[in-house]
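The residues making up each chain are set out below.
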Amino acid sequence: MAPARHNLGTVVAFEFVRTIKKRGFAIATLAIPVLLILVFALVYASNASSKDSAEAQKSAQFAFTYSDASGIIMAPGAKVAGGTYTDNPAAAIEAVRNGTSEAYFQFPTDPTKEPVKVYGADKGMFENGKYEAVAKQLLEASAQYQVGSPQLTAALTGKVKFDSETFKDGQSAAGIGGVIPPMLFLVVFYISMILLSNQMLNSTLEEKENRVTEMILTTLNPTTLITGKIISLFAVGLVQILVFLAPVGLAYLFFRDSLALPDLNLSSLVFEPGPMITGALLLLGGFTVFTGVLVAIGAIMPTAKEAGTIFGPLMAMMFIPFYTFSLVISNPGALIVQVFTYFPLTAPVTALLRNAFGTLSSVEATIVIVELLVVGALIIRLAVHLFRYGSIEYGRKLSIAGTFRRNDLAAR
């Protein structure tokens, strides 16, 4: 056992160091963080400019004319805002057109059925918005003045806030705060597969294409080699995820206001033990299944180009469940949802979605987890078997049935 452990450690260290030392790995890993930093810098500069422009617009005053067929607009308020009443809409529009007037607002008889027409001198895409903003503010202020009650005005305009609370089994339900934490396992699954899947596929093809596999297998057990590759690639994926998240975390901690990032209230998140444990096990099972399939493809196919014809459809299987997203949430008992829940290649995503939204029962979760772990282990074992025989098949695709016939002959 000691030599095997030593060989496993050697394989893990060798594969990890070899991968991170590649120039392509450094470029691919650093490209996204560098791009994010550049985007954040541009957003920071743009927001600073927009803020200055907004402050300037707030203090800016412009004269306008208006006509009011509704009788809602209060003349004193309109005058304070810079408005002058006119009963000649055609002349007012013409004045804006020839540049002698900056803006004209035409309030219809019934603003609920007809639009308020706004005419203004072109000041650029962003500054032109001030015309509609002033007209809207003038209409709302006049309506509120006539109602005489800010409370009624807020109720009528839909500006009242609601604070809802629901109960489940006598306890306050977590709501969206309980959905987000288990949903993170789905995000991790997608990120890990997107980052690692191509490397998993090429990890077994690289030695085959270089024709050095026979020499490697004279000193290493295929199981040790495959296990070491999987562990090293997982470690590489963790490094990439940390590098990708670093600029996002720094931007949120130190430049959230400047970049106009949303304020996340982490206190509203609820980490329920059941969904979190289930999510972790589903993530492990899904990772095991896809890893085994990718390693098996690499063992069967002679070149990365030919393996790519299977790689694309396989990755598409991870996104198919999203076509039934509404059914997954609203009707988990639907036949298509049940099929996706238990089919190994769609089960990880479907089950993780259902787990996050609370539609995956404990019995279903147990069945899916056991299924994924067992199927994943069997596929990895098959991948090791195929790699043993596929390592010497350089020019053609490996026959799975043929490897078992060889195994039977060898046993005799």
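As annotated in an unreviewed UniProt entry, the chain carries the name ABC transporter permease and is attributed to Arthrobacter sedimenti. Looking at the chain in UniProt, the text filed under Subcellular location (unreviewed entry) is "Cell membrane".

*Asks:* Which residues make up the overall build of the chain, and what are the values?
*Replies:* In terms of regular secondary structure, the chain is built from 16 helices and 6 strands. The buried share among the 412 residues of the chain stands at 36%. Approximately 23900 Å² of the chain is accessible, and the part contributed by carbon and sulfur atoms is 65%.

*Asks:* Pulling in residues and values, what's your account of the side chain of threonine 324?
*Replies:* Secondary-structure assignment places threonine 324 in the loop between helix 11 (304–316) and helix 12 (325–330). The residues touching threonine 324, leaving out its near neighbours within four places in the chain, are Ile336 and Phe340.

*Asks:* Which residues make up helix 10 (residues 273–300), and what are the values?
*Replies:* Turn by turn, an α-helix covers 3.6 residues, leaving residues three or four places apart pointing in a common direction. For helix 10, with 28 residues, the first-to-last C-alpha span of 41 Å sits near the 40 Å given by 1.5 Å per residue. Most of helix 10 is tucked away: 20 of the 28 residues are buried.

*Asks:* Residue-level account of the UniProt feature "transmembrane region" (unreviewed entry) in the chain, with values.
*Replies:* Taking the UniProt record as the reference, the feature "transmembrane region" (unreviewed entry) is found at residues 25–45, 173–196, 230–255, 275–301, 322–345 and 365–387. Between the C-alpha atoms that bound residues 275–301 there is a distance of 39 Å. The span itself is 96% helix and 0% strand.

*Asks:* Go over the environment of serine 197, please, and point to the residues and values.
*Replies:* Along the chain, serine 197 falls in helix 7 (residues 176–210). A residue is classified by how much of its surface remains accessible, and serine 197, at 3% relative accessible area, is buried. Those residues in contact with serine 197, other than ones at most four positions away along the chain, are Ser192, Leu294, Phe311 and Met315.

*Asks:* Explain the sheet that holds strand 1 (residues 64–68) residue by residue, including any values.
*Replies:* In space, the 4 strands of this open sheet follow the order 2-1-3-4, with mixed pairing throughout. On the outer flanks of this sheet lie strand 2 (83–85) and strand 4 (117–120), each paired with one strand and no other. Averaged over all pairs of adjacent strands, the angle between strand axes in this sheet comes to 20°, irrespective of strand direction. Bridge count between strand 1 and strand 3 (residues 103–107): 4 bridges; the pairing is parallel. Within the sheet, the bridge partner assigned to tyrosine 66 lies in strand 3 and is phenylalanine 105. Sitting on the sheet, helix 4 (residues 89–98) is in contact with strand 1, strand 3 and strand 4, with an inclination near 150° to strand 3.

*Asks:* Now, about the pattern of salt bridges: what can you tell me, with residues and values included?
*Replies:* As enumerated under the stated definition, the model contains 3 salt bridges in all. A salt bridge links glutamate 102 to lysine 130, with the nearest nitrogen and oxygen atoms 3.3 Å apart. You can see glutamate 102 sitting in the loop between helix 4 and strand 3 and its partner lysine 130 sitting in helix 5 (residues 129–147), a full 28 residues away along the chain. According to the relative accessible area criterion, glutamate 102 is partly exposed, its value standing at 23%.

*Asks:* With reference to specific residues and values, describe a nonpolar patch on the surface.
*Replies:* A contiguous nonpolar patch, built from Ile194, Phe319, Phe322, Phe325, Ile329 and Phe357 and spanning about 500 Å² of accessible area, is present on the exposed surface. Considering the arrangement of structural elements, one finds phenylalanine 325 in helix 12.

*Asks:* Residue-level account of the nonpolar core, with values.
*Replies:* Residues Phe189, Leu282, Phe290, Leu294, Leu314 and Met318 are the most contacted members of the largest nonpolar core, which totals 55 residues. For this core, the elements supplying multiple residues, two or more each, are helix 7, helix 9 (222–259), helix 10, helix 11, helix 14 (347–356) and helix 15 (362–390). It is helix 10 that contributes the most residues to this core, 12 residues altogether. Excluding residues within four positions of it along the chain, leucine 314 makes contact with Phe290, Val293, Leu294, Ile297 and Leu345. Counting 12 residues, the second-largest nonpolar core is a separate cluster that includes Phe62, Phe64, Ile73 and Tyr131.

*Asks:* Describe the packing of helix 13 (residues 335–342) against helix 14, with residues and values.
*Replies:* Direction vectors running N to C along helix 13 and helix 14 enclose 115°, while the axes themselves pass 6 Å from each other. The residues of helix 14 that touch helix 13, namely those facing Val337, Gln338, Phe340, Thr341 and Tyr342, are Ala347, Thr350 and Arg354. The class makeup of the residues in the contact of helix 13 with helix 14 is 4 nonpolar, 3 polar and 1 charged.

*Asks:* Give a detailed account of the pairing of strand 1, specifying residues and quantitative values.
*Replies:* Within strand 1, 5 of the 5 residues are buried, which leaves it mostly tucked inside the rest of the structure. Residues Phe64, Tyr66 and Asp68 point to one face of strand 1 and Thr65 and Ser67 to the other, with burial holding for every one of them. Two elements, strand 1 and strand 2, share 3 bridges in a ladder whose sense is parallel. What sits directly across from phenylalanine 64, in strand 2, is glycine 83. Where the polypeptide runs from strand 1 across helix 3 (residues 75–80) and back to strand 2, its parallel neighbour, the crossover connection is right-handed.

*Asks:* Residue-level account of the side chain of serine 101, with values.
*Replies:* Structurally, serine 101 is set in the loop between helix 4 and strand 3. Polar side-chain contacts of serine 101 include one of 3.4 Å to the backbone oxygen of alanine 103. Excluding anything up to four places from it in sequence, serine 101 contacts Thr65, Ala95 and Val96.

Rules behind the numbers
Sequence order as written defines residue numbering, which begins from 1 separately in each chain. For a predicted model such as this one, the threshold for reporting local features is a pLDDT of at least 70, and the threshold for listing and counting side-chain atom pairs is 80 or more; totals across whole chains, interfaces and linings nevertheless cover every residue. To get the side-chain values, all heavy atoms of the structure are used, and hydrogens and water are removed first. UniProt positions are given in the numbering used here, feature names are shortened, and annotations may be inferred rather than shown by experiment. The helix count covers DSSP runs of H or I at least four residues long, the strand count covers runs of E at least two residues long, and both are numbered beginning at the N terminus. Exposure categories follow from relative accessible area, calculated using a 1.4 Å probe and restricted to protein chains: below 20% of the type maximum is buried, above 50% is exposed, and the middle band is partly exposed. All accessible areas in this document rest on Shrake-Rupley with a 1.4 Å probe, and a residue is counted as covered only by the protein chains that are shown. Throughout, a residue-residue contact means that at least one pair of heavy atoms, one from each residue, lies within 4.5 Å. Between the first and last residue of a helix there are one fewer steps than residues, each counted as 1.5 Å, and that sum is the expected span. When DSSP finds two or more bridges between two strands, those strands count as paired. To get an axis, a line is fitted to the C-alpha atoms, and for a helix only the part in contact is used. The angle between two axes follows their N-to-C directions and goes from 0 to 180 degrees. Throughout this description, the term salt bridge denotes a Lys or Arg side-chain nitrogen within 4 Å of a carboxyl oxygen of Asp or Glu. Every patch collects residues that have over 30% relative accessible area and no salt bridge, joining them within 9 Å if they carry like charges and within 5 Å if they are nonpolar side chains (Val, Leu, Ile, Met, Phe, Trp, Tyr). For our purposes a nonpolar core is just a set of buried Ala, Val, Leu, Ile, Met, Phe, Trp, Tyr and Cys residues, chained together by side-chain atoms within 4.5 Å. Under this grouping Gly is polar, as are all residues other than the nonpolar Ala, Val, Leu, Ile, Met, Phe, Trp, Tyr, Cys and Pro and the charged Asp, Glu, Lys and Arg. When the strands point away from the viewer and the connection leading from the first strand across the helix to the second strand turns clockwise, the crossover is called right-handed. Polar contacts here mean pairs of N or O atoms no more than 3.5 Å apart (in protein, one a potential hydrogen donor and the other a potential acceptor; neighbouring residues in sequence count only if both atoms are side-chain atoms).

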